[in-house]
Amino acid sequence: MPRRELPYEDEPVTTAPHPLTRLLQRWTQRVRAFDGRRPLVWDVLVTGFFVLAALIDATGGWRSTAADRDVAQGPILLMSLALSVPLLWRRRHPLAALTVMAAATAVSNWTGAWLQAALIQFIVVFNIALRLPLRTLGRAAAMTALPMTACVFAYPRDSWGELVVPQIWSFAVVALAGIAVRSRQDHTQALVERARRLEVERDQQAQLATAAERTRIAREMHDIIGHHLSVITGLADGGSYAAAKSPERAAEALEAIGTTSRQALGELRRLLDVLRDDTPAATADRSPQPALTDLDRLIDGVRAAGLPVRSTVRGRPTSVPAGRQLTVYRVIQEALTNTLKHGGPDATATVDVSCTDTGVTVNITDTGTGGSSPPGSGRGLTGMRERTSLYEGTLEAGPLPAPRGGWRVRLHLPTDSLPESSETP
């Protein structure tokens, strides 16, 4: 025989409900739905049922429990209606309905009829415990207990054992049942409200994640496209100037344009593949993101575009986590791109990277005369600040004082801001 595997202790064991239980639940839901749509129809049906039962008892069945069987039929009929018809207002005006029924019960007890229809008032007591404040149960208890005083005075020998004690126990049981159902409904409503809040929070988290991903993609595309197009523009301008006098320099510029274009297309393809749902995991481009080891290639491309750059790297760049390396690379790329765009024809740039135990510090300065774009005018400086804030770093960008002029970008990323496993710039 095959061995039956037992669940782990911390795993919940779920069993399908019994078919009879499912049937009862289904019918209960249908009745509640009908009651919610047509409450008056349901009240009329319930009231009509108990009015009919009270009238049937009034035809002669009441004498089986009565203390005085000689009560006239007319008062019996009126008391039966007074004990059943107010049930129609049990939900809208339960206290008023209970008052009328308590008065009819007092008359029934005083005359000795002891109508069994008096038990219908406990349906109203149940609705009071279910819907009204709990302090109202004190008034309801007084309304149901005071009619018993008529029995005590009129029939002192039989009233306690046959009417007063069962009345007290009936009220207690019905009130506790109403409180239990009310607690269950409050608990269910709280669970429903909690589920609704969780759904709202889930949707909000999804929207925030979508906005963050859009910002990240826009930042990456800005860095890739802005840098490579600036390099291509510089190479194209230099090639057009050198075409007439030095065809060899023009050919080198065209070759550099092709290399830069292919590199830009490769990075864009790798970025856009992340957005495609139909890209198989096995065929997706898994090339690593740019790092500090790629700075030489970046600076060579900028030099080829016509911007002289002097670079210095101190420390061990490979010891810097990959996320911070990408941030440093993108900041340097954006700063050099801005110098290409706004530095002017005679601008030069200096890149200084220092990797220490306290973090990574980068200084990018240029001698441009055109200046960088004003802060906040584009996405470049905003993107650099967003990348820096991911690692609780600091970024300073602004013009250098006269007479030297130019622009300076200073970046510092500490080493103790985030664990390496959570770095996703």
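Procedures and definitions
- Residues numbered from 1 in each chain as written.
- Predicted model: local features only at pLDDT ≥ 70, side-chain atom pairs only at ≥ 80, totals over all residues.
- Heavy atoms only, no water.
- Helix = DSSP H or I, 4+ residues; strand = E, 2+ residues; numbered from the N terminus.
- Buried < 20%, exposed > 50% of the residue type's maximum accessible area, 1.4 Å probe, protein only.
- Contact = heavy atoms within 4.5 Å.
- Areas by Shrake-Rupley, 256 points an atom, 1.4 Å probe, with all protein chains shown as cover.
- Phe/Tyr/Trp six-rings, centres within 6.5 Å; stacked < 30°, edge-to-face > 60°.
- Lys NZ or Arg CZ within 6 Å of the ring centre and 35° of its normal.
- Axes fitted to C-alpha atoms, helices over the stretch in contact; angles between N-to-C directions.
- Parallel < 35°, antiparallel > 145°, perpendicular 65-115°, else oblique.
- Left-handed = near helix turned anticlockwise from the far one by under 90°.
- Nonpolar A, V, L, I, M, F, W, Y, C, P; charged D, E, K, R; others polar.
- Salt bridge = Lys/Arg side-chain N within 4 Å of Asp/Glu carboxyl O.
- Patch = residues over 30% accessible without salt bridge, like charges linked within 9 Å, V, L, I, M, F, W, Y side chains within 5 Å.
- pLDDT = per-residue confidence, 0-100.
- Core = buried A, V, L, I, M, F, W, Y, C linked by side-chain atoms within 4.5 Å.
- Pairing = 2+ DSSP bridges.
- Arc of directions from axis to C-beta.
- Polar contact = N/O pair within 3.5 Å; in protein donor to acceptor, adjacent residues only side chain to side chain.

A few words on the overall build of the chain. A count of helices and strands for the chain gives 12 helices and five strands. Within the chain, buried positions represent 37% of all 425 residues. By sequence separation, contacts in the chain at least 24 residues apart represent 72% of the contacts at least 6 residues apart. Within the structure as shown, the chain displays about 25600 Å² of accessible surface, and the carbon and sulfur contribution to it stands at 60%.

Let's shift gears to the packing of aromatic side chains. Summed over all chains, the structure comprises one aromatic pair. Between F49 and F50 the ring centres are 5.2 Å apart and the planes differ by 85°, which places this aromatic pair in the edge-to-face class. Directly above the ring of W27 sits R30, whose terminal nitrogen or CZ lies 5.2 Å from the centroid.

Packing of helix α2 (residues 39-58) against helix α3 (residues 73-84) leaves a shortest axis separation of 9 Å and a crossing angle of 160°. Between α2 and α3, the angle falls in the class roughly antiparallel. Note that α2 runs across α3; the crossing there is right-handed. Touching T47, F50, V51, A54, L55 and A58 of α2 are Q73, I76, L77, S80, L81 and S84, all from α3. Its residues placed into classes, the contact of α2 with α3 shows eight nonpolar, four polar and no charged.

Think of it this way: side chains of opposite charge can pair up when their charged atoms draw near. Throughout the structure, instances matching the rule amount to seven salt bridges. Across the pair D43 and R91 runs a salt bridge, and its minimum N-O distance is 2.6 Å. Taken together, the residues span a long stretch of sequence, with D43 in helix α2 and R91 in the loop between α3 and α4 (94-111) at a distance of 48 residues. Under the relative-accessibility criterion, D43 is labelled buried at 6%. Salt-bridge contacts for D203 lead to R202; the nearest nitrogen and oxygen are separated by 3.5 Å. Given the relative accessible area of 36%, D203 is considered partly exposed. Each of D43, R90 and R91 takes part in one network of salt bridges that share partners.

Between helix α5 (residues 121-131) and helix α6 (residues 136-145), the shortest axis-to-axis distance is 10 Å and the interhelical angle comes to 170°. When the interaxial angle is binned, α5 and α6 end up roughly antiparallel. Touching Q121, V125, I128 and A129 of α5 are T136, L137, A140 and T144, all from α6. In the contact of α5 with α6, the residues fall into five nonpolar, three polar and no charged.

Bringing a nonpolar patch on the surface into the picture now. A cluster of nonpolar side chains, L20, L23, L24 and W27, forms an exposed patch at the surface whose accessible area comes to about 410 Å². Tracing the chain through its elements places L20 in helix α1 (residues 19-37).

A few words now on the confidence of the model for the chain. Per-residue confidence for the chain averages 78 on the pLDDT scale, and 78% of its residues sit at or above 70. Below pLDDT 50 for its whole length, residues 1-13 participates in one contact with residues either more than four positions away or in separate chains. pLDDT under 50 marks residues 417-425. Its contacts with residues more than four places away, or in other chains, come to 23 contacts.

Right, let's get into the nonpolar core. The nonpolar side chains of a soluble globular protein tend to be buried with one another. Within the largest apolar cluster, 31 residues are counted, with the highest numbers of intra-cluster contacts made by W62, I76, L83, L98, A113, L115 and I128. Among the secondary structure elements, those contributing two or more residues to this core are α2, α3, α4, α5, α6 and α8 (159-242). Ignoring any residue separated from it by four or fewer positions in sequence, one finds I76 in contact with A58, W62, V71, A113 and L115. Formed by 30 residues, the second largest nonpolar core is a distinct cluster that contains L295, V328, L381 and L411.

Bringing the sheet that holds strand β1 (residues 309-314) into the picture now. The five strands are arranged β1-β2-β3-β5-β4 in an open sheet whose pairing can be described as mixed. Among the strands making up the open sheet, the edge pair consists of β1 and β4 (394-399). For this sheet, the mean angle separating the axes of adjacent strands, direction not counted, is 5°. Bridge analysis of strand β2 (residues 349-356) against strand β3 (residues 359-366) gives eight bridges, and the strand direction is antiparallel. The residue of β3 that forms the bridge with C355 is V360. Against the sheet, helix α10 (residues 295-304) touches β1 and β2, its axis set at about 170° to β1.

So, on to the environment of D346. Along the polypeptide, D346 turns up in the loop between α11 (322-342) and β2. In this structure the C-alpha to C-alpha distance between D346 and T369, which are 23 residues apart in sequence, comes to 8.1 Å.

Once that is clear, we can look at α6. Looking only at α6, the buried set comprises T136, L137, A140, M143 and T144. Viewed along the axis of α6, the buried residues span an arc of 115°, placing them on a single side of the element.

Turning our eyes to something else, we now look at the environment of Q167. Tracing the sequence through the fold places Q167 in helix α8. Residues Q167 and F122, spaced 45 residues apart in sequence, show a C-alpha to C-alpha distance of 9.6 Å. Beyond its immediate chain neighbours, meaning those up to four positions away, Q167 contacts Q121, F122, T144 and M148. Engagement of the side chain of Q167 in a polar contact is seen with the backbone oxygen of T144, the distance being 3.3 Å.

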